Amino acid sequence: MGCLGRKTLSFFLIFVPIYLHGALSQEAGPAGQRKPFFERLRRLEEQFRSFREVTLTHLQAIASNYNLSFNIDARFRNLAQESQAVALVVNQSQAAVQGDLGHLKTWMKKTQHRSRKVDSRLLALSTALSERSQQHTRERKEQEAQREALSSLVLDVRALQDTLAHLMHVVQSQGARLASLKGWLQVAGLGTEDPVWPPAQPGPPSPSSPKLQGARQVLRALPEPRDPPQDFAGRLQGSQEPPDLGSQRAQPPEIPGEICSVGLALVFPNASTENVVFLSPSFPLGLRALSVCSWVRTALGRLGTLLSYATEENDNKLVLHGRDSLSPGSIHFVIGDPAFRELPLQLLLDGQWHHMCVIWTSILGRYWLHVDRRLVATGSHFREGYEISSGGSLVLGQEQDSMGGGFDSSEAFVGSIAGLAIWDRALVPREVSHLATGKELPPGAILTLANATSVGGFVQRVNCTCLELCP
């Protein structure tokens, strides 16, 4: 409508000068024509006034419409600014929601991972409990059998004591009779007169006497000799174990004080997530065989995490750890979670230094556990043909829920570690024995405690000349 008003005003401004010019040119004509001219001029003036009023009305309408359009433009600009602000707030809200979703996904992943670990540990705990109950049942049966055997042995001993007492009485009577007979013989050899017989003594019973037959029945009724328990027989007879039996037993470990040149030792004083040691570089190549050997002394009545190796694809690529949920003294040997084997390490809970070696090879999935030179566990078909990938994070004293982090104080190791070394091959028993006696370090170790590049928290580095001097 504003455009139509502007066109009408332009037409009026062009038409009026042309009309006035024509009217003025007609004034010079004859007088007879003036009257119609003035009437026309009057009519034109009236038309001009009406036209002016209409034009003014149109101009006012145009002005009002212009103000309205200006207001509309201003409102559109305000709406555009408000829409931009709303869009910015929506974008910020979307970013915040995406961040919260990312944290929620991470938390869900960690929760699922921990739930899997809890499930596996619950399964291991149930298996251990069933095995423990079976073991207790067997032990109870063995104790009952031992009690019955001991009761039978006590009865046999009492019968033997009664028989011995009776035999001693018989021997004493026979000795008195022999002494009397000896005196009679001496008297008979000294003179020619008739011998003076001693007073009548009870003679030896004849073979058919009831007394001797009763003794023989008692002896026949006695059970055949049994082998008494070792401690009972030793106290009763003072006998010792034959030398050849001792040689068949496992050779006892060396005294820890005689083990020297163990090198660096690490002391983990308490269960804290800050107490952690990183070994760098970790495994340079993928491993198809592994040997982890170390001197270990625990300060608590349980085992924490000795070693943890995590990669981007699996945060439990290689783990040696135990928790309160496991049976005391047991430890999980994990290769590529969730595959693991539960190893018995009750010998390490006495607060003394012990040497342990965990060995694995992908050939047939064989694994061995040596403690103080003794083979305490072995098996096969564990991660057969598997390869432990390289490029991960290797940590001592903590279990990783993410690569290089995600520690839990309940899984921390508390105690001391000395002489730790890792090989990319399976050590033979002779090499394990040499390690446990401090003779020599087998060649080819890919990692030792000298690779401890980052020691955090309150972990202490100690150089020990001999193992008994290590804290």
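Residues numbered from 1 in each chain as written. Predicted model: local features only at pLDDT ≥ 70, side-chain atom pairs only at ≥ 80, totals over all residues. Heavy atoms only, no water.

The name given to the protein in an unreviewed UniProt entry is Pentraxin (PTX) domain-containing protein, and the organism recorded there is Pteropus alecto.

It is worth spelling out the overall build of the protein at this point. Per the secondary structure count, the protein includes six helices and 15 strands. Counting across all 471 residues of the protein, residues that qualify as buried make up 31%. For the protein, the share of sequence-separated contacts (at least 6 apart) that also reach a separation of at least 24 residues comes to 69%. When the accessible surface of the protein is summed, it comes to about 29,600 Å², and 58% of that surface belongs to carbon and sulfur atoms. (Helix = DSSP H or I, 4+ residues; strand = E, 2+ residues; numbered from the N terminus. Buried < 20%, exposed > 50% of the residue type's maximum accessible area, 1.4 Å probe, protein only. Contact = heavy atoms within 4.5 Å. Areas by Shrake-Rupley, 256 points an atom, 1.4 Å probe, with all protein chains shown as cover.)

Moving on, we come to the nonpolar core. Phe283, Phe333, Trp360, Ile388, Leu396 and Ile422 are the most contacted members of the largest nonpolar core, which totals 42 residues. With eleven residues, the next largest nonpolar core counts Ala265, Trp295, Val462 and Cys464 among its residues. (Core = buried A, V, L, I, M, F, W, Y, C linked by side-chain atoms within 4.5 Å.)

Turning next to the side chain of Lys317. Turning to its location among the elements, Lys317 is positioned in the loop between β4 (305-310) and β5 (318-321). Those residues in contact with Lys317 that lie beyond four places of it in its chain are Tyr309, Thr311, Val334, Ile335, Gly336, Tyr386, Ile388 and Ser389.

Evaluation of the coordinates by the stated rule reveals four aromatic pairs. On the numbers, 4.5 Å between centres and 50 degrees between planes, the contact of Phe283 with Tyr309 is tilted. Taken together, the positions of Phe283 in the loop between β2 (277-279) and β3 (289-298) and Tyr309 in strand β4 put the pair 26 residues apart, joining distant regions of the chain. The same class applies to Phe283 and to Tyr309, which are both buried. Their ring planes at 80 degrees and their centres at 5.9 Å tell us that Tyr367 and Phe382 sit as a pair that is edge-to-face. With a gap of 15 residues between them, Tyr367 in strand β9 (residues 367-371) and Phe382 in the loop between β10 (374-379) and β11 (393-396) connect regions that are remote in the sequence. Residue Tyr367 is classed as buried on the basis of its relative accessible area of 10%. The class for Phe382 is buried, based on a relative accessible area of 1%. Aromatic rings pair up to connect Phe333, Tyr367 and Phe382 into one cluster. Here the basic side chain of Arg383 rests over the ring of Tyr386, its NZ or CZ set 4.5 Å away from the ring centre. (Phe/Tyr/Trp six-rings, centres within 6.5 Å; stacked < 30°, edge-to-face > 60°. Lys NZ or Arg CZ within 6 Å of the ring centre and 35° of its normal.)

A complete count under the given rule lists seven salt bridges for this structure. Measuring nitrogen to oxygen at the nearest pair gives 3.0 Å for the salt bridge that ties Arg114 to Asp401. Pair noted here: Arg114 is in helix α2 (residues 34-190) and Asp401 is in the loop between β11 and β12 (415-423), with a separation of 287 residues, a long-range link. Given the relative accessible area of 9%, Asp401 is considered buried. As a salt-bridge pair, Glu431 and Arg425 come within 3.1 Å of each other at their nearest N and O atoms. The class for Arg425 is partly exposed, based on a relative accessible area of 25%. (Salt bridge = Lys/Arg side-chain N within 4 Å of Asp/Glu carboxyl O.)

With that settled, consider the state of the cysteines. If you walk through the whole model with that rule in mind, you get two disulfides. Disulfide pairing is shown between Cys293 and Cys357; the S-S distance is 1.9 Å. Of note, the bridge from Cys293 to Cys357 carries an S-S torsion of about 120 degrees and is right-handed in sense. With a gap of 64 residues between them, Cys293 in strand β3 and Cys357 in strand β8 (residues 354-361) connect regions that are remote in the sequence. Linked covalently through their sulfurs, Cys464 and Cys470 form a disulfide whose S-S length is 2.1 Å. Look at Cys464 and you get buried, because its relative accessible area is 6%. (Disulfide = S-S within 2.5 Å.)

This part is about unusual backbone geometry. For the bond running from Ser280 to Pro281, omega is -5 degrees, close enough to zero to count as cis. Assignment of secondary structure puts Pro281 in the loop between β2 and β3. With omega at 15 degrees, the peptide bond leading from Asp337 into Pro338 counts as cis. Relative to the helices and strands, Pro338 resides in the loop between β6 (330-335) and β7 (340-344). The backbone of Leu364 sits at a positive phi, close to 65 degrees, despite the residue not being glycine.

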